[in-house]
Amino acid sequence: MSYDTDLPGRFIDVMLRPGSEADVAYRRRALEHARTRPRVRGAATTGPNDLTRLGGKIVPNSLFRNVYLGGSALWTAEDVDNIDTSIGLAMRDQRLENVLRQYFRGHRITCDREASLHPTWARTDVFGRGNVPAVLRELFANGDATDKNLDVTLFNILLPKQVELRLGGSSSRNGLGGFHGSLELEIGGRLRAVYYSVNVYCEAPADGLENGIVTFNEPWKNTVAVLYHEINEFRTDPDVERANAARTDEEATSLIGWISAAGEEIGDHPLSGGFSLGQVIREEL
């Protein structure tokens, strides 16, 4: 299942630059849906930005694989090594993981990086949700990916530099950093859910036209920040794309893991709560 449209949905499934055009559009739409959403037991005393556990799936023990579109033709070995090493360390850092434990009470949590993938890709200037199925199908068709542990694995599609992410009227040129979701693919003769994220190479090039969410001078560090955000959203709310595509609010609610009354996933509120990006996205490792 996937969206029939790239318009903002019931729940925010994207990483947004505070105050940007995309930020305004997605938050407005999520709040409109929040007004009609059924009240969840136990959520009456929480504030609009406090997360509540609903009825959907969470992933205490997760895996992820970084997918560098275009491979060595479009990525430098230095960027790949920096991104892989840093995100792997971040997901094992006990200070950071201690923050996540509150969402997995009763579970031992892990999030491990598996070998990265470097598929060939005919570069385009724009990438959208509609491009995701072909990328993932090729990974499985070529044997780069298998059906092992699909229910707990996130494929992080990384866009090369200067490739624009576009979802409907929103773009990485006006506030998008990345998004996550899932789709069904035929693998081994049967339909399987495959979880993915799409992540912008976040930089402010010489022409001054910022792409993605830029906090640091080194683009790879910005890209790691987006990856960290999307991976943790997958861990706490993997089926948000199915929820956004659901026919009713009741069905949508049953698919959501952790969400706020304002339709925000983990980490979304600080990006709109009046903080500067430098306060929210910091270099800790």
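Above this text is the structure in question.
What to know about helix H5 (residues 219-236)
Then comes step 1: Here H5 is 18 residues long and its end C-alpha atoms lie 26 Å apart, about the 26 Å a rise of 1.5 Å per residue gives.
Then comes step 2: Counting buried positions along H5 yields 17 of 18 residues, so the element is predominantly enclosed.

Some points on the sheet that holds strand E6 (residues 153-158)
Then comes step 1: Strand order in the open sheet formed by 6 strands is E1-E9-E10-E6-E3-E4, and the pairing between neighbours is mixed. Where the open sheet ends on each side, the last strands, each with one partner, are strand E1 (14-16) and strand E4 (110-113). Looking at each pair of strands side by side, their axes are set apart by 25° on average, direction ignored.
Then comes step 2: Of the pairings in the sheet, the one linking E6 to strand E10 (residues 190-199) comprises 5 bridges and is parallel in character. The residue bridging Asn156 from the neighbouring strand is Ser197, located in E10.
Then comes step 3: Those strands touched by helix H1 (residues 21-34) are E1 and strand E9 (176-187), and its axis lies near 130° from that of E1.
Then comes step 4: Helix H2 (residues 77-90) rests against strand E3 (61-68), E4 and E6 of the sheet, and its axis sits at about 170° to E3.

Concerning the nonpolar core
Then comes step 1: Phe127, Val132, Leu136, Phe155, Ile157, Leu159 and Val198 are the most contacted members of the largest nonpolar core, which has 37 residues in total.
Then comes step 2: Counting residues per element, the ones that place at least two in this core are E1, H1, helix H4 (132-141), E6, strand E7 (164-167), E9 and E10.
Then comes step 3: When sequence neighbours within four positions are dropped, the list of residues in contact with Phe155 reads Arg65, Val67, Leu117, Leu136, Leu139, Phe140, Ala145, Leu150, Val194, Tyr195, Tyr196 and Ser197.
Then comes step 4: Val59, Val152, Leu227 and Phe234 belong to the second-largest nonpolar core, a separate cluster that totals 20 residues.

Quick look at the environment of Gly71
Then comes step 1: Position of Gly71 relative to the elements: it lies in the loop between E3 and H2.
Then comes step 2: A relative accessible area of 4% means that Gly71 is categorised as buried.
Then comes step 3: Between the C-alpha atoms of Gly71 and Pro119, which are 48 residues apart in sequence, the distance is 5.7 Å.
Then comes step 4: Residues in contact with Gly71, not counting those within four places in the same chain, are His118 and Pro119.

Digging into the pairing of E9
Then comes step 1: Along E9, 10 of the 12 residues are buried, which leaves the element largely enclosed by surrounding structure.
Then comes step 2: Pairing analysis gives 3 bridges linking E1 to E9, with the strands arranged antiparallel. Bridge pairing in E9 links Val14 to Phe179.
Then comes step 3: Bridging between E9 and E10 involves 10 bridges; their strand directions are antiparallel. By the bridge assignment, Leu185 is partnered in E10 with Arg192.
Then comes step 4: Between E9 and E10, which pair antiparallel in sequence order, lie 2 residues; one of them, Gly188, sits at a positive phi of approximately 65°.

Calculation criteria
- The numbering scheme is per chain: residues are counted from 1 as the chain's sequence reads.
- Given that this is a predicted model, residues contribute local features only at a pLDDT of at least 70 and side-chain atom pairs are listed and counted only at 80 or more, while totals for whole chains, interfaces and linings are drawn from all residues.
- Excluding hydrogens and water, the side-chain figures rest on all heavy atoms present in the structure.
- Numbering of helices and strands runs from the N terminus; a helix is a DSSP stretch of H or I covering at least four residues, while a strand is a stretch of E covering at least two.
- Working rule for helices: expected span equals 1.5 Å times residues minus one.
- The buried label applies to any residue whose accessible area, calculated with a 1.4 Å probe on protein chains only, is under 20% of its type's maximum; exposed applies above 50%, and partly exposed to all values in between.
- Strands were regarded as paired on the criterion that DSSP finds at least two bridges between them.
- Simply put, an axis is a line fit to the C-alpha atoms, just over the touching stretch for a helix, and the angle between two N-to-C directions goes from 0 to 180 degrees.
- Only heavy atoms matter for contacts: two residues are in contact if any of them lie within 4.5 Å across the pair.
- Here, nonpolar core refers to any group of buried Ala, Val, Leu, Ile, Met, Phe, Trp, Tyr and Cys residues whose side-chain atoms link them within 4.5 Å.

Take it as geometry only, folks, not as evidence of what the structure does.
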